[in-house]
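Single-letter residue listing:
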Amino acid sequence: MTLDTLRIRQDFPIFERQVRPGVPLVYLDSTATTQKPQSVLRAMDEFYRRSNANIHRGVHTLAEEATALYEAARQKVAAFIHAADARQVIFTRNASEAINLAAYAWGRAHLKAGDLILLTEMEHHSNLVPWQMLAAATGASLDFVPVTDDGLLDLDAYRSLLTRQPRLVAFTHMSNVLGTINPAAEMIRLAHAAGARTLVDAAQSVPHLPVDVQALDADFLAFSAHKMLGPTGIGVLYGKRDLLESMPPFLGGGDMIKTVHLRDFVPNELPHKFEAGTPAIAEAVGFGAAVDYLSALGMDAVAAHEREIIAYALERLEEIRGVRVFGPPAEQRGGVASFTLEGVHPHDVAQILDTFGIAVRAGHHCAQPLHEKFGIPATTRASFYVYSTKEEVDQLVEGLYRVKKIFG
Amino acid sequence: MTLDTLRIRQDFPIFERQVRPGVPLVYLDSTATTQKPQSVLRAMDEFYRRSNANIHRGVHTLAEEATALYEAARQKVAAFIHAADARQVIFTRNASEAINLAAYAWGRAHLKAGDLILLTEMEHHSNLVPWQMLAAATGASLDFVPVTDDGLLDLDAYRSLLTRQPRLVAFTHMSNVLGTINPAAEMIRLAHAAGARTLVDAAQSVPHLPVDVQALDADFLAFSAHKMLGPTGIGVLYGKRDLLESMPPFLGGGDMIKTVHLRDFVPNELPHKFEAGTPAIAEAVGFGAAVDYLSALGMDAVAAHEREIIAYALERLEEIRGVRVFGPPAEQRGGVASFTLEGVHPHDVAQILDTFGIAVRAGHHCAQPLHEKFGIPATTRASFYVYSTKEEVDQLVEGLYRVKKIFG
Amino acid sequence: MEDLYREIIIDRYKNPQYRGHLDPHDISFEDDNPLCGDHIEVTLRVDAEGRVSEARFDGKGCAISQASADLLIESIIGKSLEEVKKMTKQDLLDLLGIELGPVRLKCALLSLKVLKAGVYGLGEASDELVE
Amino acid sequence: MEDLYREIIIDRYKNPQYRGHLDPHDISFEDDNPLCGDHIEVTLRVDAEGRVSEARFDGKGCAISQASADLLIESIIGKSLEEVKKMTKQDLLDLLGIELGPVRLKCALLSLKVLKAGVYGLGEASDELVE
Ligand SMILES: Cc1ncc(COP(=O)(O)O)c(C=O)c1O
Ligand SMILES: Cc1ncc(COP(=O)(O)O)c(C=O)c1O
């Protein structure tokens, strides 16, 4: 394997846990959220034990330390995605809030009745509902790039939809159900040529692939720390400088202002303009530590590791009679496999696997329209990350055989 | 003293820290953010080490544990403020986001041009800017209950402003600058009699006073965990059930929906309807532990302790020539003292105090209009909490004498 | 180890005793859980004393939802409508004989929710019926 | 212990050497830091070779902002405008001889920001001038 998972797993305290006495944890739900290494937990704990203070306006030592740590985390995250400037990294609660920020602050200022927003059929609810709400508020309309039976975006259909001159194309860089890695750079190039702005839902790509926002030329890009070894409670909206500058503020309050009078205010400079109130300070510190951890592994190695695991998982899953895996072949996907098992509901699959300590997810994975498209209400999903091993794939497969036996 | 601060201080690891070698920490900035007890840090660490998973949709053991812990935290917070139902507690990032949520989801749906929003001159920017933005978006107008020279709300003026039939009265329960505790129950009663809805900015009251949302009869109430021993990254919007039910969603995404199709969605039930995407799960767990800690102390005891400290602090500060403390006498305020020292800028005061390890804040404390009202650009603010002692007040006073000497 | 999937659940899922649709019927109701596609319909006949004389369920979904429907329908035959109205979440869990987390609880309770909404003659099946 | 407030800062704050307003002047500019009410105005006279022949500052605010203005003004007399344009944050910090956190840095840099905006003839003093 590309990564030394044996060593890596020692960094993650949760793997010492037994789900039930004698039943070790086989965690195959990293697409929902990842586990956290010791270094991330230590960074946050240390912050609270040594430097905890509110930031930006404080003159005292703790406030200065906290401010420096918070802004250093922003620098780390900016470097991780190759942003030209750390001011382009806005901290939000999660990827969902990041997309909503763009939809409210950019969308409501720039879209009007009749404008077209182009999405895809494989979007997570977090990259659908904000645009539905925006369309309802502005009278803009929505259209969708279709998904092929192989779980790929239909790029011919995309090109022809672009001739309708959408104002915005918002799409996922990697599907959290199919694992499909979309050709983001090419899609953005085509969108720009058609005069559209772009938003990349990178909730599954930044954690799993090397992502360079400048090489992509993305206008907006959103992701969450908790899906990349970091804590809950913090995510990112990246945006091009001129776009962010031109947008009105979204949330009002402390820190996002330069001056306030009773009846008016002047917004602060980037990135503070979009960060109202006390931010997730300790979480930013933890996020920085997560980025350090991933950088030390190297994102190329992370991606290669996942490619190996998913290739093996697809191969093993397909040998089970009655299993149907959705999505493209291993070369075109990240470490996610969603499948059905004939005659057994995904909820039952997941629950029986849980009795063996195997944590998988069952449901529509916040992608109900995609499941409707495939004519199924739910799938079982196994997903992998830097700490996942081939042995765990074997355990999953063995578990599935036992499920079949129970229902046989 | 009412609280056994010696024992309490042992629960807070940060007090082991020396600001610089040989200089212990005298933390007088709890109004900005409080320090965290061991039990809160442990609860979060334990969560990540044992139960970390994404919530609500998961069938596996970790997901079920995480969901139960997250929802138990909501129950604790609801009980702490005496909410009738935990579904009335919406988790947000902080008090600021909570106020924005109300301003966007309730305000944009219910206010129209010409409607009046009544605020006060002592509001924090977080309870001013969202309403300025709402007024700009809807054409509603703003007016302000004046603050008297003693730092109290002018209640006669309030009554007469109410005759103009505001749609909403939004005010702070306790000023973060003056320490003034406003007569919230009475103000809400009057507002309701005048047909207005009410929003209480409880960022400084829930941490420091017993607060009963039902006794207050508040329509909305907002606060932050980090100001009450809890972590950064999580806050609360409490709302009356019918109000929350009648409001459209604010942020769109995973978890806030019941069903999603490509072109439309059905919102989820309360409280999930207002919690889009992966919430601050570990932070909720920490918040629950913070509420447990405060409940064990007893909020009556917390308030009594702060009353003692502030009475002593006011007495000692007033004996310093050139010190002017803003705000009402000790009986009408919480543990906050903002002051000026003649001839020395607050920034210089704070920075020299910092060399003695004393952490105070200097500036306008996100209440610029209030400072304008008093004709000063900035004050120095010392603020107290459950771990604050009279000895720390003495150290502050001694520090101020040394500041005077340096500038003398 | 597979106690969560007690034999009776798998058995009832594979060989339901009360699957079907009564025509004519006195009471019918149906609802689903959009999260996982579970769907349950119940049809009842009620005798002159207000007792359930015959009952059937139909639907699709996970083993828990279908087996709990089968066990529930079995348990109400002969009961008065008043008794059915009083049935609780715990009654159903006792029939199943297993412990369930919050997500699977929804699967298990779907049949009870549908049944009570039908018996109460409500337009909509609300979660509060089974709390 | 009070090294942060080196004597020179308190001294210059209490007894500024270059406080005043030149009339007439060749260059003038003013700006403030709304966070804390610091305000600085500078007025300069420039000779035929483009050198600063006389300079004054006026304003109010904290010791750091006022002392740094006084030290800055002192340091530029005799310098060419090109040299003034090249002055950096570090040059000013060297004059002050202390280390500063981000908040106080803004106080210290206000005078340099105002000075450079004036010398460049800009309409607005931007933070980028002193980065
Ligand atoms: C009275 C008051 N309201 C609102 C806030 C905003 O709180 P937060 O920054 O946690 O959103 C604060 C804290 O600074 C406050 O003191
Ligand atoms: C593709 C994709 N987009 C968006 C999200 C939303 O992320 P979050 O819940 O952290 O806001 C997720 C995670 O569930 C995802 O997988």
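A. Spatial organisation of the site of ligand 2. Surrounding ligand 2, one finds 15 residues, the nearest of these being Ser96(A), Asp201(A), Ser224(A), Lys227(A) and Thr278(B). Two or more chains meet at ligand 2, and those chains are chains A and B. Note that an oxygen atom of ligand 2 is positioned 2.7 Å from one of the side-chain N or O atoms of Gln204(A). At a separation of 2.5 Å, an oxygen atom of ligand 2 approaches a polar side-chain atom of Ser224(A). In isolation ligand 2 has 390 Å² of accessible area, and contact with the protein removes 95% of it. Of all the cavities here, the one that holds ligand 2 is the largest cavity.

B. Looking closely at the interface of chain A and chain B. Listed as interface residues are 94 residues of chain A and, on the opposing side, 94 residues of chain B. Each partner contributes to the roughly 7600 Å² buried at the junction of chain A and chain B, and carbon and sulfur atoms together form 54% of this total. Viewed at the interface, chain B and chain A are joined by six salt bridges. Across the salt bridge formed by Arg93(B) and Glu97(A), the nearest N and O atoms sit 2.7 Å from each other. For the pair chain A and chain B, the number of links is 50 residue pairs in polar contact (both at pLDDT 80 or more). Here the residues of the side of chain A that touches chain B sort into 41 nonpolar, 33 polar and 20 charged.

C. View of the nonpolar core. Among the nonpolar cores identified, the biggest contains 173 residues, and Leu221(A), Val386(A), Leu221(B) and Val386(B) are the most heavily contacted of them. Excluding residues within four positions of it along the chain, Leu221(B) makes contact with Val200(B), Ala202(B), Val206(B), Val211(B), Val213(B), Leu216(B), Val236(B), Leu237(B) and Tyr238(B).

D. Molecular detail of the pairing of strand β5 (residues 116–120) of chain A. All names here are of chain A. Of all five residues that make up β5, five are buried, and the element is covered over most of its length. Burial of the side chains of β5 extends over both faces: Leu-116, Leu-118 and Thr-120 are buried on one face and Ile-117 and Leu-119 on the other. Sheet topology places β5 next to strand β6 (residues 141–145); five bridges connect them, and they run parallel. The partner of Thr-120 across the bridge, within β6, is Val-145. Between β5 and its parallel partner β6, the chain crosses via helix α5 (residues 129–138), and the hand of that crossover is right-handed.

E. View of the pairing of strand β7 (residues 168–172) of chain A. Residue and element names in this part refer to chain A. Taking burial as the measure, the five residues of β7 include five buried ones, the bulk of the element. In terms of strand pairing, β5 meets β7 through two bridges, oriented parallel. Within the sheet, the bridge partner assigned to Ile-117 lies in β7 and is Leu-168. A crossover connection joins β7 to the parallel strand β8 (residues 197–201) through helix α7 (residues 184–193); in handedness this β-α-β unit is right-handed.

F. Focus on the domain arrangement of chain A. Residues and elements named next belong to chain A. When its domains are assigned, chain A resolves into domain 1 (5–28 + 298–403) and domain 2 (41–296). By the criterion of area lost to domain 2, the three top residues of domain 1 are Met-299, Leu-370 and Tyr-385, representing 24% of everything that side buries. The interface formed by domain 1 and domain 2 includes one salt bridge. Taking the shortest distance from any N to any O, the salt bridge between Glu-121 and Lys-373 comes out at 2.8 Å. In this structure, the connection of domain 1 to domain 2 is made through 15 residue pairs in polar contact (both at pLDDT 80 or more). Mapped by element, the contributors of at least two residues to the side of domain 1 that touches domain 2 are α11 (299–318), β14 (336–341) and α13 (368–373). Its residues assigned to classes, the side of domain 1 that touches domain 2 comprises 18 nonpolar, 10 polar and six charged.

Scoring rules and cut-offs
Residues numbered from 1 in each chain as written. Chains lettered and ligands numbered in written order. Predicted model: local features only at pLDDT ≥ 70, side-chain atom pairs only at ≥ 80, totals over all residues. Heavy atoms only, no water. Near = heavy atom within 4 Å. Polar contact = N/O pair within 3.5 Å; in protein donor to acceptor, adjacent residues only side chain to side chain. Areas by Shrake-Rupley, 256 points an atom, 1.4 Å probe, with all protein chains shown as cover. 1 Å grid on protein atoms, 1.4 Å probe; cavity = no way out; pocket = protein on both sides within 12 Å on 5 of 7 lines; lining within 4 Å. Sits in = over half its atoms within 2 Å of the grid points. Contact = heavy atoms within 4.5 Å. Buried area = accessible area lost by both parts, 1.4 Å probe. Salt bridge = Lys/Arg side-chain N within 4 Å of Asp/Glu carboxyl O. Nonpolar A, V, L, I, M, F, W, Y, C, P; charged D, E, K, R; others polar. Core = buried A, V, L, I, M, F, W, Y, C linked by side-chain atoms within 4.5 Å. Buried < 20%, exposed > 50% of the residue type's maximum accessible area, 1.4 Å probe, protein only. Helix = DSSP H or I, 4+ residues; strand = E, 2+ residues; numbered from the N terminus. Pairing = 2+ DSSP bridges. Right-handed = clockwise from strand over helix to strand, strands pointing away. Domains from an automatic or database assignment.

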